[in-house]
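Observations on the model geometry
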Number of protein chains: 2
Amino acid sequence: MLFFTQCFGAVLDLIHLRFQHYKAKRVFSAAGQLVCVVNPTHSLKTNTGRHAVGQTSTEQGSLHSHHPLETVHDPQLIPCICPLFSCQWEGHVEVVVSHLRQTHRINILHGAEIVFLATDMHLPAPTDWIIMHSCLGHHFLLVLRKLEKYEGHPQFFATMMLIGTPTQADNFTYRLELNRNQRRLKWEATPRSVLECVDSVISDGDCLVLNTSLAQLFSDNGSLAIGIAITASKVHAAEAEM
Amino acid sequence: MLFFTQCFGAVLDLIHLRFQHYKAKRVFSAAGQLVCVVNPTHSLKTNTGRHAVGQTSTEQGSLHSHHPLETVHDPQLIPCICPLFSCQWEGHVEVVVSHLRQTHRINILHGAEIVFLATDMHLPAPTDWIIMHSCLGHHFLLVLRKLEKYEGHPQFFATMMLIGTPTQADNFTYRLELNRNQRRLKWEATPRSVLECVDSVISDGDCLVLNTSLAQLFSDNGSLAIGIAITASKVHAAEAEM
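Looking at an unreviewed UniProt entry, chain A carries the name E3 ubiquitin-protein ligase, with the source organism given as Chelydra serpentina. Taken directly from UniProt, the Function (unreviewed entry) text for chain A runs: "E3 ubiquitin-protein ligase that mediates ubiquitination and subsequent proteasomal degradation of target proteins. E3 ubiquitin ligases accept ubiquitin from an E2 ubiquitin-conjugating enzyme in the form of a thioester and then directly transfers the ubiquitin to targeted substrates."

Take the nonpolar core next. With 117 residues, the main nonpolar core has Phe 116 and Leu 144 of chain A together with Phe 116 and Leu 144 of chain B as its most contacted residues. Leaving out residues up to four positions away in the same chain, Leu 144 of chain B has contacts with Phe 116, Ala 118, Met 121, Thr 127, Asp 128, Trp 129, Phe 156, Phe 157, Ala 158, Leu 224 and Ile 226 of chain B.

Per the UniProt entry, the sites bearing "domain: Seven-in-absentia protein TRAF-like" (unreviewed entry) are residues 134-228 of chain A in this numbering. Note that residues 134-228 of chain A is 19% helix and 58% strand, and that its end C-alpha atoms are spaced 12 Å apart.

Let us look at the pairing of strand 8 (residues 138-150) of chain B. Residue and element names in this part refer to chain B. Where strand 7 (residues 127-135) and strand 8 come together, 9 bridges link them in antiparallel fashion. What sits directly across from Trp 129, in strand 8, is Leu 144. The loop that links strand 7 with its antiparallel partner strand 8 comprises 2 residues; one of these, Leu 136, has a positive phi angle of about 50°. The pairing of strand 8 with strand 9 (residues 153-162) spans 9 bridges and is classified as antiparallel. Note on strand 9: the bridge partner recorded for Leu 142 is Met 160.

Cis geometry marks the peptide bond from Ala 125 of chain A to Pro 126 of chain A, where omega comes out at -5°. With respect to the secondary-structure elements, Pro 126 of chain A resides in the loop between strand 6 (113-118) and strand 7 (127-135). Backbone geometry places Arg 105 of chain B, a non-glycine residue, at a positive phi of 55°. Structurally, Arg 105 of chain B can be placed in the loop between helix 3 (96-104) and strand 5 (108-110).

With that out of the way, let us pick up the packing of aromatic side chains. For the coordinates displayed, the defined rule picks out 6 aromatic pairs over all chains. Residues Phe 218 of chain A and Trp 187 of chain B carry aromatic rings whose centres are separated by 6.3 Å and whose planes lie at 90° to one another, so their mutual orientation is edge-to-face. Linking Phe 218 of chain A in helix 6 (residues 212-218) with Trp 187 of chain B in strand 11 (residues 183-189), this pair reaches from one chain into another. When the ring of Phe 140 of chain B is compared with that of Phe 172 of chain B, the centres are 5.3 Å apart and the planes differ by 85°; the resulting orientation is edge-to-face. Taken together, the positions of Phe 140 of chain B in strand 8 and Phe 172 of chain B in strand 10 (residues 172-180) put the pair 32 residues apart, joining distant regions of the chain. Residues Phe 140 of chain B and Phe 172 of chain B agree in their burial class; the two are buried.

The subject of this paragraph is the pattern of salt bridges. This structure, assessed with the given rule, holds 18 salt bridges over all chains. With its nearest N and O atoms 3.6 Å apart, the salt bridge here joins Arg 175 of chain A to Glu 177 of chain A. Classification of Glu 177 of chain A as buried rests on a relative accessible area of 9%. Here the salt bridges do not stand alone but share partners, grouping Arg 175, Glu 177 and Arg 184 of chain A together with Glu 188 of chain B into one network.

Next up on the list: the confidence of the model for chain A. All names here are of chain A. Of the residues in chain A, 65% have a pLDDT of 70 or more, and the chain-wide mean is 74. Throughout residues 23-31 the model reports pLDDT below 50, and contacts reaching past four residues in sequence, or to other chains, amount to 15 contacts. Here residues 235-242 is modelled with pLDDT under 50, and outside its nearest four sequence neighbours on either side it reaches 18 contacts, counting other chains as well. Here the complex is predicted with pTM 0.73, and the ipTM for its interfaces comes to 0.72.

Among the structural elements, Asn 211 of chain B can be located in strand 13 (residues 208-211). Of the residues examined, Asn 211 of chain B reaches a relative accessible area of 5% and is grouped as buried. The contact partners of Asn 211 of chain B, leaving out residues within four places of it in the chain, are Gln 155 and Val 209 of chain A together with His 153 and Gln 155 of chain B.

Another aspect to go through is the pairing of strand 7 of chain A. Residue and element names in this part refer to chain A. Burial analysis of strand 7 places 9 of its 9 residues in the buried class, the great majority of the element. Alternating positions in strand 7 separate into two faces, Thr 127, Trp 129, Ile 131, His 133 and Cys 135 on one and Asp 128, Ile 130, Met 132 and Ser 134 on the other, with burial throughout. Across 3 bridges, strand 5 (residues 108-110) lies against strand 7 in parallel orientation. Each bridged residue has a counterpart across the sheet, and for His 110 the counterpart in strand 7 is Ser 134.

Reading the values: the criteria
- Residues numbered from 1 in each chain as written.
- Chains lettered and ligands numbered in written order.
- Predicted model: local features only at pLDDT ≥ 70, side-chain atom pairs only at ≥ 80, totals over all residues.
- Heavy atoms only, no water.
- UniProt positions renumbered as here; feature names shortened; annotations may be inferred.
- Core = buried A, V, L, I, M, F, W, Y, C linked by side-chain atoms within 4.5 Å.
- Buried < 20%, exposed > 50% of the residue type's maximum accessible area, 1.4 Å probe, protein only.
- Contact = heavy atoms within 4.5 Å.
- Helix = DSSP H or I, 4+ residues; strand = E, 2+ residues; numbered from the N terminus.
- Pairing = 2+ DSSP bridges.
- Phe/Tyr/Trp six-rings, centres within 6.5 Å; stacked < 30°, edge-to-face > 60°.
- Salt bridge = Lys/Arg side-chain N within 4 Å of Asp/Glu carboxyl O.
- pLDDT = per-residue confidence, 0-100.

Written out as structure tokens, the structure is:
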């Protein structure tokens, strides 16, 4: 009986996923953009320090069983920590992509322009929606985080980070765009490097920030579509023009 | 002695204003855009209802001495209230422009694209920065408001309203653009009509919203430059393209 219930649940999940893909394609197919449905990751960690989390020890244990701490104390390595909540993995910046892919099952999308469709925006904070984006010879990480920096006032923070050094990151510009209900919001900036902690980028508010009301205006049935584009940096020229 | 002190203060104010104009021109002259320096108006009113304010009775009295209540109870009039904090003036929508100009000394700028330079962003909430913009045969009102919707967490809200009816407003699109420090933030939407209360637009968060940290990133020496453009509405077409 339990087996049948589980099978039925799995079939329902598949139908739901298929429906979301269909809906996303219906909305964006005109532009020929690649649409990626991104499911949320509910974070166990709150605003406590990254290395002082007690409640996630079980999860950390399972992660460390795949990635032992062999790289942590090597002074030759750039001290790169996993940009995700609840994970204390540390290692060389060049193996972050394989860590995220293998351990966290984060997909990689290819192409200069994609649409990131974050589902279930109603889930309580803290929640992450994450995707990797391979473009212009580099990997980028898009993090959308729902966070309650001020109690009872959840906000959405979206940023793009280069899986590389800050010097490499300076060569690019990323654009996040929301477009719905006769409203359009665009954020353009130089990506930050994953060597700078994503938590600090978000706590500094140096990213696209949405109140719940704005997020609802741009959402469709609880899903938020974010258009993403990455280009070689022309910000200096644009700024001089204005 | 007091006379000399006052003269000296006035000269200092003039030098400060001249410096701000020079600075604004230096930044934006390349684009040939019209720059308007907008000084803040510190609001006495907080989040209490518009018609239940005791502390501003003196100010209201002085406003009503110029604009008696002759128009308030005429059922033929569209019930339009002054979009500013602390003012309970009501009247026909067609005389809002002269009310704002004469009573509140709000300037009118002409041209499709202008730069709004809001000074003294550090002032405590609630504070307004307001300008009228004459363009495409209509008057628009740009309101930038610093407000503490959540205690200890001031935010900036910027919106553009048409001094006209909602049907007229639907024919336009406005764009607000911030551009500094290799970051760019753009908000595009259909302007709301002043017949809808500016307070409700802001409390709904249906406008450009900036946290203090983002406002600081886009500010230069405590002044925030917002590029404004108004066009005949093409949002429907743009949305269909995406």
